[in-house]
Amino acid sequence: MAERRGNWERAEDDLPVYLARPGTADQVPRQKHGGLFCSVEGAFESKTIDFDALSVGQRGSRTPRTAKRETGQEARSPASDCRSFPGVESPLTSRPSPRWLQPSGLDDRLLIKGGRIVNDDQSFHADIYMEDGLIKQIGDNLIVPGGVKTIEANGKMVIPGGIDIHTHFQMPYRGTTTVDDFNQGSKAALAGGTTMIVDHVIPEPGTSLMEAYDQWRQWADEKTCCDYSLHVDITHWNDSVKQEVDNLIKEKGVNSFHVYMAYKDYYQMSNSELYEVFTFLAERGGIAQVHAENGEIIAEEQARMLQMGITGPEGHVLSRPEELEAEAVFRAITIASQTNCPLYVTRVMSKSAADIISQARKKGNVVFGEPITASLGTDGTHYWSKNWAKAASFVTSPPLSPDPTTPDYLNTLLSSGDLSVTGSAHCTFSVAQKAIGKDDFTQIPEGVNGVEERMALIWDKAVTTGKMDENMFVAVTSTNAAKILNLYPRKGRIAVGSDADLVIWDTDSIRTITAKTHNSAAEYNVFEGMELRGAPLVVICQGKIVLEDGNLHATSGVGRFIPCSPFPDFAYKRVKARKQLAVLRAVPRGMYDGPVSEFSMSRGGTPSASARTSPTKQPVRNLHQSGFSLAGNPAPCGELSFLLEQPPLHRPVLSFCWSALFTLCIQRSMWFIS
Amino acid sequence: MSTAGEVPAFFKSMGSDSPARPRQKFCGMFCPVEGSSDSKTLDFDALSACRGKSDGRVIDRQTDISQPRKVEIRESTGKEALQNLDDKRSDRLLIKGAKIVNDDQSFCADIYMEDGVIKQIGENLIVPGGVKTIDAHGGMLMPGGIDVHTRFQMPDRGMTAADDFYQGTKAALAGGTTMIIDHVIPEPGISLISAFEQWREWADSKSCCDYSLHVDITEWHKGIQEEMETLVKDHGVNSFLVYLAYKDIFQLTDSQVYEVFSVIRDLGAIAQVHAENGDIVAEEQRRILEQGITGPEGHVLSRPEEVEAEAVNRSVTVANQTNCPLYVTKVMSKSAADVIAQARKKGTVVYGEPITASLGTDGSHYWSKNWAKAAAYVTSPPLSPDPTTPDYLNSLLSCGDLQVTGSAHCPFNTAQRAVGKDDFSLIPEGVNGTEERMSIIWDKCVVTGKMDENQFVAVTSTNAAKIFNLYPRKGRIAVGSDADLVLWDPDLTKIISAKSHNSTVEYNIFEGTEVRGGPLVVISQGKIVLEEGNLHATEGSGRYVARKPFPDYVYKRIKARSRLAELRGVPRGLYDGPVCEVSVTPKTMTPASSAKTSPAKQPNQPVRNLHQSGFSLSGAQIDDNVPRRNTQRIVAPPGGRANITSLG
């Protein structure tokens, strides 16, 4: 299949430019397949479009779908030709494979022999013994119970399982849900070597955060195949939300909250609200995540695009230029720095946004940037694809940058540590769902795939190119995320006592990404046709083998919710130290007793022309919030007048000197007395 | 004053001075500068709500500062000397032997001017007999300064800035500035035009030098847009200021700023911006007041420079989006200046205006124990407490990253400032600087070797004239230009002090600064207004200078870009595959928890202004309003399979 595709590509590339243009697809050279509106060839072969999933009442009608998919999976697995294990006869086991799947006490015991353990700080050779989902021993010549299942790693890398810090599985969208639910999504994650996901809870504005959280917990507990945790999005702000955030932090194990600077009139928060949210989170030890785009300008630009008659997916990227992303990142950093709150920028999609984060880090701000699989692996030229469905499948916000050098640049910053963690922002919609916006790009549901491809893509783009080493790879795919979420060292590290979430990584395997073989239910894969080196050979989740020989043995519902505690050291050590320093002090001065000019402070009503106010500021002050009250007696009409206090002496200046002299005299006399 | 340095330290900390701030040099608690009231009467009338009487105080304090050198002004005959009292005669003026300094080059020549216009430049000019002649002896003759940012006579809550147009322009002339551009601040709710006319009336009756006006946009609606058009077309205004600060008074939202900028670009004007994030400032002010900090130090603490830089960055972004030229007023901090410099490197059409105060002093004075002194420095954005800021800004000004200088001259008396004695957020804002501007820049930039005399002319005069479309009438010494000239003495030294300055306020924020360089002779509209330290300003002689839109200096690039910036959609066939049906949640109704939507696009496109675009939803969502009927339907494709569409 891959070969066939190869030929096909070549044939297309050989076409003269003028022929290549009008006919098939390509304005943009990077699209390699499919004609007008064609989905990827074969993408449907192993999948059934799930009509039930498109219905509104998702809950009940989803069950048959799951079953259907499972059979599809089985049928496909043997035929899968994309995985290869050159030169390794692993995994060697002591038992025939069917038995593993049976629940038995011994199943929880596992020994990996001869692996090279790669943590974010060092790599070393050792065996690992795990039991009950925990790593019990690390070292050579371990003493283990007899009859333990053994995996011979043959010197291959054993890395902590990946943590995908940003997913949107089973996300409701205007009555439908994303095609990948927690089962499908976490299965894809496991297939890619990710053993933990962190999903976003998105409460509808105006509704309770707690309810939404419970809803997500319920969905995820039923279906996830790997451990998970949750971020909660704050989509509106008031005192009751504040209370709920407090409860979520204290009782529900959520330590990261996401706010939006985009989606005007919907999720977007004003600067003042951001300030308050950040202040509150800084007090309670939460991480402030931010979707950074200037929603107001986007709204204006979208209106302009539509007016100009641009309705296709290219309008999406045209109305969201990367500057707007960079601007919002800058603003978020400013507010975070004012409130001394650790900031986490989700979905860093453009060079300029990444630059601002790295500059801020150089200035000492506590800010983390999260590029996603899509921004690291592909670019926004596809928005101009003539195939509407394909172009629409790339729609996400902030958009992929049309600058084709962006992925390389972001990989470099990721390698240098300026960007800290990677997510996938996996949020897939079927073509039919995307087609909601076929006549108006602002209606296209947003989101791309990437949970399965994340690890392999970073390995291919960053490690095989020599930008980062294997330790850094572990850091950006797993360890840093665990540290930010305060799960370290339970997750993100291979150490005694850590969870047995491991991946045996094959650095040589080469596979081609295509929608035909991926584990997502979407018809398109934004990385279609990409050849990636590096893949998981064996994935161990909760001490159980879930992937080997290219076969996935994921069990729905085994995923546990991992609570995150507040004040992660990784972010808060610095913040705490700064808090201690940041105490402001007033200057002690004597009372001012000179003349005071009369002024009028008019509030409300149209001010008369004579009562013009300056660009100075009085109404900024929220009188009922500060404990301060004006010294004069406030007139009831809201017009405060300050009368000139006529000093006893005629020349006011003299009175100044007088008071100064007076204080001086007193002080001197005191001095003499003492 | 000098004795303050000799008292033992423990004494200093007791009565008189602040221990922490070595830079304060004078006076005890709440004492104004010694002697500053000697030559001035505190004008009690001016403190009351009605505007103070503008007195005719004679300026006689310049005598101590400049001993005229190198200059001889001579009249041909005694007879004609008498005639010189006649206005007609004194319109003719010849300057001999001057080194003419423009922004591009310097050369030696004589200049003859008549009727307020430069008529001839060259050597051995043929001039009518009996002309008043100034012998410059090789002194530098430059175009008069243009102060692009003043706020004379500004109303503030029933008070008025201490310097009115007369006092202010006199101060400007004394410092070598021959044109000012003032800001019209219409109260929200008041028409721009009527405010503009009010300012015209004030200025026409009092101004001693030519002036022009910026108009501030303090609110935004359709009517304002029409008024802006009128102002540009009929009233010669080509610059509008918007505020990103002063929440709930002047502040505009990002969307409004976007719209204002779009309008400004279409009109060919310049978008000026007061860049500070008003939302954050408001929050910080509340926090700081809650902490019990009520003095002027709270002003700077609540307005950290990051907040300024953020707003600059934001306005640059909006200006880029709208392809509108941007002008950032009052660049006060390093980081804001850096943002501007970076944006310029990326090609944005943006100009930065540092002011006299930010170039000449810093914000450490906010911590002065003398409340009145600390309050005198209150302006927004505040002076940076970082003492290296002025030097940094001077460097950027010299290398061209910042282009023009203003003074933002808007001083208030101590009594007026004392309105905020218990709450820093009530202190009226504004510092002096129109008189000191040229000298400070000369001293900080030219004397130190950061810039040459030509660049000095550029930043004090020529660039301003170019940006605001006054060039070459102003900002250049050329035949046909206005006869606004300054004979500059680089060796003149003076100590700035409230005792001798021309402003009416008791404090001068540059108090005690010794500056080299100052005007020897100032010629405004072809008349000598300053010579031998004597100011002969005539109230009401200033003319309003109308400015045309689309200044070349600014708009050449903008025009080229707008031609290129056309966007095109991708021609595609119609998508006729299956379309998922959606439930559209009306915005007003509280959505049920089951109808959660994604962070993706909002269902009801509040972003889109439906009555602006001719677009309507094609999906025929008849059942939109029926909340329970959100059933899904797949429009089954004709082919039934993956190849969901065919080319229309």
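Since this is a predicted model, take the numbers as computed values, not measurements. (Residues numbered from 1 in each chain as written. Chains lettered and ligands numbered in written order. Predicted model: local features only at pLDDT ≥ 70, side-chain atom pairs only at ≥ 80, totals over all residues. Heavy atoms only, no water.)

Summing up its helical and strand segments, chain A has 22 helices and 20 strands in all. Relative to its full complement of 674 residues, chain A shows a buried share of 62%. Sequence separation of 24 or more characterises 78% of the internal contacts of chain A that already satisfy a separation of 6 or more. As displayed, chain A offers around 23,600 Å² of accessible surface, 55% of which is attributable to carbon and sulfur atoms. (Helix = DSSP H or I, 4+ residues; strand = E, 2+ residues; numbered from the N terminus. Buried < 20%, exposed > 50% of the residue type's maximum accessible area, 1.4 Å probe, protein only. Contact = heavy atoms within 4.5 Å. Areas by Shrake-Rupley, 256 points an atom, 1.4 Å probe, with all protein chains shown as cover.)

Let's shift gears to the layout of surface pockets. Volume-wise, the second largest pocket comes out at about 830 Å³. At the level of elements, α10 (271–284), α13 (322–339) and α21 (569–581) of chain A together with α9 (278–290), α10 (297–301) and α11 (305–322) of chain B are the ones that each hand at least two residues to the lining of the second largest pocket. The leading source of residues in the lining of the second largest pocket is α10(A), at four residues. (1 Å grid on protein atoms, 1.4 Å probe; cavity = no way out; pocket = protein on both sides within 12 Å on 5 of 7 lines; lining within 4 Å. Points joined across faces, edges and corners; volume = space filled by probe spheres on them.)

Okay, the packing of helix α7 (residues 222–234) of chain B against helix α8 (residues 254–267) of chain B next. All names here are of chain B. The N-to-C vectors of α7 and α8 enclose an angle of 30 degrees; their axes lie 11 Å apart at closest approach. With respect to α8, the element α7 is oriented roughly parallel. In this structure, the crossing between α7 and α8 has a hand that is right-handed. In this structure, α7 contributes Gln225, Met228, Glu229 and Val232 to the contact, and α8 contributes Val260, Val263, Ile264 and Leu267. Tallied by class, the residues present in the contact of α7 with α8 amount to six nonpolar, one polar and one charged. (Axes fitted to C-alpha atoms, helices over the stretch in contact; angles between N-to-C directions. Parallel < 35°, antiparallel > 145°, perpendicular 65-115°, else oblique. Left-handed = near helix turned anticlockwise from the far one by under 90°. Nonpolar A, V, L, I, M, F, W, Y, C, P; charged D, E, K, R; others polar.)

Residue and element names in this part refer to chain A. For strand β1 (residues 110–118) and strand β5 (residues 157–160), the ladder comprises two bridges, and the chain directions are parallel. The residue bridging Ile117 from the neighbouring strand is Val158, located in β5. Strand direction decides the pairing type here: β5 and strand β15 (residues 502–512), joined by four bridges, are antiparallel. Note on β15: the bridge partner recorded for Pro160 is Leu502. (Pairing = 2+ DSSP bridges.)

Looking now at the sheet that holds strand β9 (residues 194–201) of chain A. Residues and elements named next belong to chain A. Across the sheet, seven strands lie side by side as β6-β9-β10-β11-β12-β13-β14; this open sheet has parallel pairing. Pairing within the sheet leaves two strands with one partner each, and these edge strands are β6 (162–167) and β14 (367–371). With strand direction ignored, the average angle separating the axes of adjacent strands in the sheet is 25 degrees. Alignment of strand β13 (residues 343–348) against β14, held across four bridges, turns out to be parallel. What sits directly across from Leu343, in β14, is Val367. In this fold α10 packs onto β10 (227–234), β11 (256–260), β12 (287–291) and β13, with an angle of close to 175 degrees to the strand it touches most, β11.

Residue and element names in this part refer to chain A. Burial analysis of strand β17 (residues 544–548) places four of its five residues in the buried class, which makes it a mostly covered element. As paired elements, strand β16 (residues 531–541) and β17 share three bridges and run antiparallel to each other. Bridging from a neighbouring strand, Val539 pairs with Leu547 of β17. Counted between consecutive antiparallel strands, the loop separating β16 from β17 contains two residues, among which Gln542 sits at a positive phi close to 55 degrees. Bridge count for β17 against strand β18 (residues 551–552) is two bridges, and the pairing is antiparallel. Bridging across to β18, Leu547 finds its partner in Leu552. Counted between consecutive antiparallel strands, the loop separating β17 from β18 contains two residues, among which Asp549 sits at a positive phi close to 55 degrees.

To continue, consider the UniProt feature "domain: Amidohydrolase-related" (unreviewed entry) in chain A. Sites flagged by UniProt as "domain: Amidohydrolase-related" (unreviewed entry) map to residues 157–546 of chain A. Spanning residues 157–546 of chain A, this segment combines 39% helix with 19% strand, and its end C-alpha atoms are found 17 Å apart. (UniProt positions renumbered as here; feature names shortened; annotations may be inferred.)

Residues and elements named next belong to chain A. Between its first and last C-alpha atoms helix α14 (residues 351–362) spans 16 Å; for 12 residues at 1.5 Å apiece the expected length is 16 Å, and the two agree. Its buried side turned inward, α14 meets α13, β13, β14 and α17 (406–416). Once α14 finishes, Gly364 follows within two positions and takes phi at roughly 100 degrees, a positive value. (Expected span 1.5 Å × (residues − 1).)

The next point concerns the UniProt feature "domain: Amidohydrolase-related" (unreviewed entry) in chain B. UniProt's feature table lists "domain: Amidohydrolase-related" (unreviewed entry) at residues 140–529 of chain B, given in the numbering used throughout. For residues 140–529 of chain B, helix accounts for 39% and strand for 19%, while the C-alpha atoms at its two ends are 17 Å apart.

Another aspect to go through is the sheet that holds strand β11 (residues 210–217) of chain B. Residue and element names in this part refer to chain B. The sheet built from seven strands is open, its strands ordered β7-β10-β11-β12-β13-β14-β15 with parallel pairing. A strand with exactly one partner marks an edge of an open sheet, and here the two such strands are β7 (145–150) and β15 (350–354). Strand-to-strand twist of the sheet, defined as the mean angle between neighbouring strand axes without regard to direction, takes the value 25 degrees. Against the sheet, helix α12 (residues 334–345) contacts β14 (326–331) and β15, and its axis sits at roughly 155 degrees relative to β15.

With that settled, consider the packing of aromatic side chains. Enumeration according to the criterion identifies 33 aromatic pairs over all chains in this entry. Ring geometry for A:Trp388 versus B:Tyr575: centroids 5.0 Å apart, planes at 50 degrees, classification tilted. In this pair, A:Trp388 sits in helix α16 (residues 388–393) while B:Tyr575 sits in the segment after α19 (552–564), so the two residues belong to two different chains. The interplanar angle of 50 degrees and the centroid separation of 6.4 Å between the aromatic rings of B:Phe165 and B:Tyr211 together place this pair among those described as tilted. Of the two residues, B:Phe165 is situated in helix α5 (residues 165–174) and B:Tyr211 in strand β11; the sequence distance between them amounts to 46 residues. As far as the burial class goes, B:Phe165 and B:Tyr211 line up, both buried. Among the aromatic side chains, those forming a connected cluster through ring pairs are A:Phe169, A:Phe182, A:Tyr213, A:Tyr228 and A:Phe561. Here the guanidinium or amino end of A:Lys483 rests over the ring plane of A:Tyr488, the centre of that ring lying 5.0 Å away. Cation over ring: B:Lys334 sits above B:Tyr392, and NZ or CZ is 5.3 Å from the ring centre. (Phe/Tyr/Trp six-rings, centres within 6.5 Å; stacked < 30°, edge-to-face > 60°. Lys NZ or Arg CZ within 6 Å of the ring centre and 35° of its normal.)

It is worth spelling out the side chain of A:Glu296 at this point. Tracing the backbone through its elements, the reader meets A:Glu296 in helix α11 (residues 295–307). Among buried Asp, Glu, Lys and Arg side chains, A:Glu296 stands out as unpaired, with A:Lys264 the closest opposite charge at 4.7 Å. (Lys, Arg positive; Asp, Glu negative; His and termini not counted. Salt bridge = Lys/Arg side-chain N within 4 Å of Asp/Glu carboxyl O.)

Residue and element names in this part refer to chain B. Burial of α5 is extensive: 10 of the 10 residues sit out of reach of the surface. Listed as buried for α5 are Phe165, Tyr166, Gln167, Gly168, Thr169, Lys170, Ala171, Ala172, Leu173 and Ala174. Buried-residue contacts for α5 involve β10 (177–184), α6 (192–206), β17 (514–524), β18 (527–531) and β19 (534–535). Between the side-chain oxygen at the start of α5 and the backbone nitrogen of Tyr166 there is a gap of 3.1 Å, and the oxygen is on Asp164. Positive phi appears at Gly176, one or two residues downstream of α5, with a value of about 95 degrees. (Polar contact = N/O pair within 3.5 Å; in protein donor to acceptor, adjacent residues only side chain to side chain.)

As a further point, take the pattern of salt bridges. Residue and element names in this part refer to chain B. In total, this model carries 57 salt bridges over all chains according to the counting rule given. Note that Asp204 and Arg200 form a salt bridge whose closest N and O atoms lie 3.2 Å from each other. Residue Asp204 and its partner Arg200 are located together in helix α6, separated by four residues, close to a single helical turn. By relative accessible area, Asp204 is classed as partly exposed at 29%. A salt bridge links Arg314 to Asp254, with the shortest nitrogen-to-oxygen separation between them at 2.7 Å. With Arg314 in helix α11 and Asp254 in helix α8, this residue pair connects regions lying 60 residues apart in the sequence.

The next point concerns the packing of α5(B) against α6(B). When two helices pack together, their arrangement is given by the angle between the helix axes and the distance between those axes. All names here are of chain B. The geometry of α5 relative to α6 is characterised by a closest axis approach of 8 Å and an angle of 60 degrees between their N-to-C directions. By the angle between their directions, the pair α5 and α6 is classed as oblique. Of the two possible hands of crossing, α5 and α6 adopt the one that is right-handed. Counted together, Phe165, Tyr166 and Thr169 of α5 and Trp199, Trp202, Ala203 and Lys206 of α6 form the full contact between these two elements. Broken down by class, the residue content of the contact of α5 with α6 amounts to five nonpolar, one polar and one charged.

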